[in-house]
Amino acid sequence: MLVPIKSGSVYQHNMLRFLTAGESHGPVETAIIDGIPAGLEITEEEIQSELDRRKMGTGRGGRGFIEKDKVNILSGVRYGITLGSPITLSVNNMDFDNNLKIMTNKSVDLESMKKSRLTKPRPGHADLAGVLKYGFTDIRNVSERASARETVMRVALGAVAKKLLSELHIKVASHTIQIGNITVNSNNYNFEKILTIDSIDPDIRCLNPDFSVKMKKAILEAIKQKDTLGGVIEIITRNVPPGIGSHVHWDRKLDSKLAQSLMSIPSVKTVEIGNGLQSSHLPGSKVHDEILFDNNRYFRKTNNNGGIEGGISNGEDIVCKIYLKPISTLGNPLNSVDIITKKKVQADIQRSDICVVPRAGVIGEACVALILAELCLEKFGGDTIREFKVNYRNYITNISDHVSSV
Ligand code: EPS
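As the structure is a prediction and not an experimental result, all values here were calculated from the model.

**Considerations on the pattern of salt bridges**
No. 1: Scanning all chains against the criterion turns up 29 salt bridges.
No. 2: As a salt-bridge pair, K163 and E46 come within 2.9 Å of each other at their nearest N and O atoms. Of this pair, K163 sits in helix α7 (residues 151-166) while E46 sits in helix α2 (residues 44-54), placing them 117 residues apart in sequence.
No. 3: As a salt-bridge pair, E365 and R205 come within 3.5 Å of each other at their nearest N and O atoms. Here the residue E365 occupies a position in helix α13 (residues 357-380), and R205 occupies one in the loop between α9 (197-200) and α10 (209-224), the gap between them amounting to 160 residues.
No. 4: Judged by relative accessible area, E365 falls into the buried class, the value being 1%.
No. 5: A relative accessible area of 1% means that R205 is categorised as buried.
No. 6: Look at the salt bridges and you will find they share partners, linking R54, R63, E67, D69, D95, R149 and R351 into a network.

As structure tokens, this is what we get:
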């Protein structure tokens, strides 16, 4: 019989939290994650392999070829093992602009900064709302931090979260199901195949080769037209036990936390759990997943609810989709208004990506992994990985005891 070791105040004590910092063309992107138990094996190479996955895909702009995205572990890990103390990660920006040392260097030439400032906000970007909110006359003060470059740290942190989840056999995978108006049917997915999608189709990350060709063509056409394209990614998590998240408070619900995390990825405008969009058109009898019991466990034949009911995981795959709008920096810019002159102008043209959808899957996986790691730590607690795993196994034994005593 396994003995529970966690104390009653686990929720506060084992809270996983993190912060990222860095401007897109500043010297460094950095992050601190706190709450990872001691004893987790993690190396720079493991984090690096996730960052390398994020660099793949058709539709990248020139910046992608400049950045190395080489990660450094600066604290919280010794000899490849976590210490229970905050873990600091950093990635140097190769395309570093000295003007972005403004926070430490007051002696920069303000006149030339004034001349180089960006004043023509891009529709769809944080540019205009950001300068109004923070009282700036240079859009770069906003766009540098609003940049999707920040997701480099989310992916690095997500690698740590994924490693923690792997201790509970939880795996996260993603694939592309839409680029522009080309959509592939993702029903009856093969999870093991999705786990290997990077080697099958590194350019688009789509399981169907015919659709992948069409999607790639669409991106190349958008490049020719100086336009941009959005799309849809599906992110699937397997082996999450029933009972992660909670129905008792709005901000402890697994689906509400996943939605916030995924919605925070730049360009994401919709987060769908299970078949949420389609379900809104159907009667309940065609939507809800009937409950079955066999081999000492409950299961469902369908998974329209995407593995979450009442904000709690039900043991089925957690299925999320993210819908991305096209990138807002356009080669043929839309109309805008200059924030200094208030005259009608065309928005700034800046070097940019054309389509971020293929690699958004890697970012989405990280966002999902960070939430599941947080909620698994809330549920199972522990200062060490051993405690965490014993508590997990104890819980799994308890729920199957509950089943057989009914
Ligand atoms: C981004 C604009 C581009 C992208 C960048 C995100 O950068 P730049 O303005 O330097 O050309 O390449 O993404 C990355 C650098 C990255 O690593 O993902 C934006 O404005 O969001």
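Having seen it, we continue.
**As for the packing of aromatic side chains**
No. 1: In this structure the tally under the stated criterion is five aromatic pairs.
No. 2: Seen in terms of ring centroids, Y134 and F136 are 6.2 Å apart; in terms of plane orientation they differ by 20 degrees. Their pairing is stacked.
No. 3: Relative accessible area serves as the criterion here: at 31%, F136 is assigned to the partly exposed category.
No. 4: Between the aromatic rings of F380 and F388, the centroid separation amounts to 6.3 Å while the plane-to-plane angle is 70 degrees, which identifies the pairing as edge-to-face.
No. 5: An aromatic cluster of at least three residues, connected via ring pairs, comprises F380, F388, Y392 and Y395.
No. 6: Over the ring of Y134 we find K133; its NZ or CZ atom is 5.4 Å from the centre of that ring.
No. 7: Over the ring of F211 we find K214, and its NZ or CZ is 4.7 Å from the ring centre.

**Overview of unusual backbone geometry**
Most of the time, phi is negative for any residue but glycine, and the peptide bond is trans.
No. 1: Backbone geometry places H169, a non-glycine residue, at a positive phi of 65 degrees.
No. 2: As for its position among the elements, H169 is in the loop between α7 and β7 (171-179).
No. 3: On the basis of relative accessibility, which here comes to 53%, the residue H169 falls in the exposed class.

**Some thoughts on the sheet that holds strand β10 (residues 268-273)**
No. 1: Read from one edge of the open sheet, five strands run β8-β7-β9-β15-β10, paired in antiparallel fashion. The sheet is open, and its two borders are formed by β8 (182-183) and β10, each paired with just one other strand.

**Observations concerning empty space enclosed by the protein**
No. 1: Following the criterion strictly, the structure yields two cavities of 30 Å³ or more and no others.
No. 2: By volume, the second largest cavity is sized at about 40 Å³.
No. 3: Lining the second largest cavity, in full, are R122, P123, S328, T329, L330, P333, L334, A347 and D348.
No. 4: Classifying every residue of the lining of the second largest cavity by side-chain character gives five nonpolar, two polar and two charged.

Reading the values: rules and limits
Residues numbered from 1 in each chain as written. Predicted model: local features only at pLDDT ≥ 70, side-chain atom pairs only at ≥ 80, totals over all residues. Heavy atoms only, no water. Salt bridge = Lys/Arg side-chain N within 4 Å of Asp/Glu carboxyl O. Helix = DSSP H or I, 4+ residues; strand = E, 2+ residues; numbered from the N terminus. Buried < 20%, exposed > 50% of the residue type's maximum accessible area, 1.4 Å probe, protein only. Phe/Tyr/Trp six-rings, centres within 6.5 Å; stacked < 30°, edge-to-face > 60°. Lys NZ or Arg CZ within 6 Å of the ring centre and 35° of its normal. Pairing = 2+ DSSP bridges. 1 Å grid on protein atoms, 1.4 Å probe; cavity = no way out; pocket = protein on both sides within 12 Å on 5 of 7 lines; lining within 4 Å. Points joined across faces, edges and corners; volume = space filled by probe spheres on them. Nonpolar A, V, L, I, M, F, W, Y, C, P; charged D, E, K, R; others polar.

No statement about biological role is implied by the geometric values presented.
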